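# Geometric and topological summary
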Amino acid sequence: MYSKKIIYLALVAIVGIAFSSCSMLGGDKNPSYSLSDLQGLWQENGTRHFVRFTTEQSDQAKYLYGREWDEAEDTYEEELQPKGNGWFKYLFETDGNLTEIHLMDNGGAEIPKIYVVSKLTSTDLEYYEKEYKSKKYYFTKVVTTK
C-alpha cells in the first residue's frame, strides 16, 4: 500500500521536475533583441501612424533619435521640426526595455515613456507601456526602395 503511494509521489515529482526544466530550457522569458532589427520605419497596425527609429546619435549619451507622425492627421515626416514635436530620443536595451523621451516644442519639455518589447523580428514589432500593460502597440516594418 505504501509502496504504491511512494511510487505515485515519485512519478509526480519526476513529472514536475521535467516540466520545470523544460520551461527553463525552452521558454525564454527574457529574450534578447537586436537594435538593428528595431531601426527603420514602422507602420502601426495598418493605420497611417508611423514611427522611425534612426541611427542618429542624440545629444544625450547612449540615446538615438527617432520620429513619430500620423498622416491621418495630415502630419508627415518631412514636416517635423528637428528635435521638436514628433521627435524623441530612445534607448533600446537588448532585454527588450525601450525608453523614449518625447521632445516637445513648448518650453523644451521632455516627456519620458518606458515600453517593454514583447516581439521584435525583422518585420514585426510589438510593445506595451510598462505602466499600462494593457496598452499594446503592433507595428509592421515598412520596406522602402530609396
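Report follows, based on the coordinates. Quick caveat: nothing in here was measured; it's all calculated off a predicted structure.

## Here we look at a negative patch on the surface
A cluster of like negative charges, contributed by E73, D74, E78 and E79, occupies part of the molecular surface. Counting through the fold element by element, E78 comes out in the loop between β3 (64-70) and β4 (87-92).

## Let's talk about the packing of aromatic side chains
Enumeration according to the criterion identifies 9 aromatic pairs in this entry. Here F53 and F88 contribute two aromatic rings whose centre-to-centre distance is 5.7 Å and whose plane-to-plane angle is 75°, an arrangement assigned as edge-to-face. With F53 in strand β2 (residues 49-57) and F88 in strand β4, this pair connects stretches of sequence that are 35 residues apart. Every member of this aromatic cluster is reached through a ring pair, and the members are Y115, Y127, Y137 and F139. Over the face of the ring belonging to W87 we find R67, whose NZ or CZ atom lies 4.7 Å from the ring centre.

## Points about the environment of I111
Examined against the element boundaries, I111 turns out to sit in strand β6 (residues 110-120). With relative accessibility at 39%, the residue I111 sits in the partly exposed group. Along the backbone, I111 and I101 are 10 residues apart, and their C-alpha atoms lie at a distance of 5.3 Å. Ignoring sequence-local partners within four residues, the contact set of I111 consists of E100, I101, H102 and M104.

Calculation rules
- Residues numbered from 1 in each chain as written.
- Predicted model: local features only at pLDDT ≥ 70, side-chain atom pairs only at ≥ 80, totals over all residues.
- Heavy atoms only, no water.
- Patch = residues over 30% accessible without salt bridge, like charges linked within 9 Å, V, L, I, M, F, W, Y side chains within 5 Å.
- Areas by Shrake-Rupley, 256 points an atom, 1.4 Å probe, with all protein chains shown as cover.
- Salt bridge = Lys/Arg side-chain N within 4 Å of Asp/Glu carboxyl O.
- Lys, Arg positive; Asp, Glu negative; His and termini not counted.
- Charge placed at Lys NZ, Arg CZ, Asp CG, Glu CD.
- Helix = DSSP H or I, 4+ residues; strand = E, 2+ residues; numbered from the N terminus.
- Phe/Tyr/Trp six-rings, centres within 6.5 Å; stacked < 30°, edge-to-face > 60°.
- Lys NZ or Arg CZ within 6 Å of the ring centre and 35° of its normal.
- Buried < 20%, exposed > 50% of the residue type's maximum accessible area, 1.4 Å probe, protein only.
- Contact = heavy atoms within 4.5 Å.

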